[in-house]
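Here's the letter readout for the chains.
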Amino acid sequence: MAMPRAAPALSPKADVPIEPWRLPQSDTWHVRTLASLRNESKHDFDKDGADSVAASVLLAEQTGRKGVGVLVASAPSHELDRAQKPRPLLELGGVSMVSHALWQLNSAHFALVIVVVGFKGDEIQRQLAAHIQSDPSVFEGLRLKFVDLGKGWRGGRVASLAACMPIIDELVSPDASVVVVGADHIFDESMLQEAASIDLSGDGDEACVLVEFDLNGMCGLPASTVFCATRPLHGADRIYNIGPDLETYSGIEAGLIVFLPATLRKLADQGRGEVRVANLLSEVARRGTLRMLKTEGRTWFSVETEASAEFTSNGLRHCGQDYVLADGKKVHLVGLPRKLETSPSDGGEWAEFSVEKWRSAVYTAKSFFQDLFVDTTDFIGKLCDELGGCSEGGPLVVEVGCGTGEALLPLMDRARYTCGVDFNPHFVEFCRQNVPQEHQERVRHIIGDAQELNTLLKNELPPAWVDENRSKIAICVGNTIGIMPPEVRKNVYEQMKLLAGVHGYMVVVYWNGNRFGDAVQNFYHKNPQLCGKFTGECIDLDTCTLTTPSGYCTHWTKPEEARAIFEKEVGAEVTALLEKGNGVLVAGRMSNIDMEARV
């Protein structure tokens, strides 16, 4: 989540505010080093460390660990109330939040962690030292660097990251990735491992953001939540817009960001006034170089608000793992150390923890097409049920232009077999890797041209799937049919009709022309990053068409036009037509007259 805006930092030695992104190299800003905490005494720890830490690449070679993390523990106190403990010091499950965060980074086998501290920094460092010394074998090979911003520090996330740039420049190679997490978040170690393995420079990207898409009923989100907009059909791993005020979005930033050092330097250089991390990420997204890492059902916790802190505490108590430290203390932890036995736990296994996470009725999905997605699933699902559902004789559902598979996923429980077809091999590979385990025997994704749909299916699918006695439902949703060239669209319609025959269905979901004016004002106009900026002459209300100077063109279809397309252009019998919200959903099939003529 985005942190509150940065406030001017106060020097411990003066009442004069100084810019946190330009802190001088003096007693007000210094680096403390803990190169090997398990071998240091408390007396040694209390002194400024002078040991140097090897560069990140050398550390990885020497320890077998991988990854550079920046753990920001210098944010203002919890809920901005100095009378309370700072968020990093909030104790959950017998362990402080910052200790939980470090434990997970260590479990993910990070080589180097840079911890940025400010207010109550000495106490945070002592707690981390005690946590490591309580069971030193678990942390063997981990190296820490502390950036101490002083007791008077009141800066936010941008200022804290800017202040630690000298250390990053010194220790991290320019093409290495830096994983930034806050001490008010806990992440499943697999997400941290995946983040540490991301090679941004190799793909020409500048940053990567962890995104949570499971938004229904989220609880405890702060007002500073940052929203993410994606375009699956244009790039399965791309974020095309990000910010706190998006009208249309599909996920939220979950508090973990991967940067190149050069991108962090840009953030530091831009760090003026009310700048936020999201401001820079928005620029990166517009350049097409902001990658997305999905939570994919994996668990993460936060204590950014009292509600989320309470949820986290309950989650750790009931679903965390009991662990007995080497000093005999029993605590609840998110994950378990490698190659260690644990005490018996009455709580559920972490891998079985239901990802309820941050659900709230207040923050429901604002996506312009969210309701249409649900309506589409219900519309097609009922047709599947009519034709036998998941039974042995149930239908085969084939999606033309499946993209990254969002439309097919909820239908896998409604049909005997499902198959996605797309000409983009990257989309198909993504779909193949993300089929739920329980559906893998009954789901396929294939690369091919939908203008040859029936031949493609016969060549690629098992005979039982395409048996002439099995009903088929050919679907093309999300206005995908509308972006096809006219000659291609005509051929695809014909292939879908042939597949449906007289006993199945062809289903096309159009964007509703009766909502075109609303869409222009509340969707396209507010999202110029989607279609480019445009003026009134770009809008044709008579044909429900928007054509922008950037080359973007979209047509929205009214119900009567949709019926005419099926009956006159395609020669299909309309069996159902539903106008609902932003969609016009049409089901049809080959007429008996057409079938007899073909015979």
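Asks: Sorry if this is basic, but what is going on with the overall build of the protein here?
Replies: Each helix and strand counted, the protein has 18 helices and 28 strands in total. Across the 599 residues of the protein, 58% fall into the buried class. Across the protein, the fraction of contacts at a sequence separation of at least 24, relative to all contacts at a separation of at least 6, is 73%. Of the roughly 25200 Å² that the protein leaves accessible, carbon and sulfur atoms contribute 50%.

Asks: Please explain unusual backbone geometry as it appears in this structure.
Replies: Most of the time, phi is negative for any residue but glycine, and the peptide bond is trans. One non-glycine residue with positive phi stands out, namely His109, at about 70°. Within the element layout of this structure, His109 appears in the loop between helix H3 (97-107) and strand S7 (112-117). Its identity is not glycine, yet Asn479 carries a phi of approximately 60°, on the positive side. Among the structural elements, Asn479 can be located in the loop between strand S22 (472-476) and helix H14 (486-500). Assessed through its relative accessible area of 4%, Asn479 is described here as buried.

Asks: Please explain the sheet that holds strand S24 (residues 539-540) as it appears in this structure.
Replies: The strands making up a sheet associate through hydrogen bonds between their backbones, and the pairing can be parallel or antiparallel. One open sheet accounts for three strands, arranged S24-S25-S26; its pairing is antiparallel. Where the open sheet ends on each side, the last strands, each with one partner, are S24 and strand S26 (553-555).

Asks: What should I look at first to understand the nonpolar core in this one?
Replies: Core analysis: the largest hydrophobic core is formed by 45 residues, its most contacted members being Leu71, Leu102, Val113, Val115 and Leu256. If you tally residues by element for this core, the top one is H3, at five residues. For Leu102, the contacting residues outside a window of four places in its chain are Leu71, Val113, Leu128, Ile132, Phe139, Leu142 and Leu144. Among the nonpolar cores identified, the runner-up in size contains 43 residues, and Ala207, Val226, Cys228 and Ala278 belong to it.

Asks: Just checking my understanding: could you explain the pairing of strand S14 (residues 251-259) for this structure?
Replies: A regular strand places its side chains on the two faces of the sheet in alternate fashion. The buried fraction of S14 is high, at nine of nine residues. Bridge count between strand S9 (residues 178-182) and S14: four bridges; the pairing is antiparallel. If you follow Val181 over to S14, its bridge partner there is Leu256. Relative to S14, strand S11 (residues 207-212) is paired through five bridges, and the arrangement is antiparallel. Residue pairing for S14: Ala207 is matched across the bridge by Phe259. Note: strand S12 (residues 227-230) against S14, two bridges, orientation antiparallel. Residue pairing across strands places Cys228 opposite Gly251, the latter belonging to S14.

Asks: Got a minute to help me understand the layout of surface pockets in this structure?
Replies: The probe, sized like a water molecule, is rolled over the atoms to show the empty space still left. Reported here for the second largest pocket is a volume of approximately 500 Å³. Where the lining of the second largest pocket is concerned, the elements lending two or more residues are helix H13 (453-460), H14 and helix H18 (592-598). Along the lines of polarity and charge, the residues of the lining of the second largest pocket split into eight nonpolar, six polar and five charged.

Cut-offs and rules
- Residues numbered from 1 in each chain as written.
- Predicted model: local features only at pLDDT ≥ 70, side-chain atom pairs only at ≥ 80, totals over all residues.
- Heavy atoms only, no water.
- Helix = DSSP H or I, 4+ residues; strand = E, 2+ residues; numbered from the N terminus.
- Buried < 20%, exposed > 50% of the residue type's maximum accessible area, 1.4 Å probe, protein only.
- Contact = heavy atoms within 4.5 Å.
- Areas by Shrake-Rupley, 256 points an atom, 1.4 Å probe, with all protein chains shown as cover.
- Pairing = 2+ DSSP bridges.
- Core = buried A, V, L, I, M, F, W, Y, C linked by side-chain atoms within 4.5 Å.
- 1 Å grid on protein atoms, 1.4 Å probe; cavity = no way out; pocket = protein on both sides within 12 Å on 5 of 7 lines; lining within 4 Å.
- Points joined across faces, edges and corners; volume = space filled by probe spheres on them.
- Nonpolar A, V, L, I, M, F, W, Y, C, P; charged D, E, K, R; others polar.

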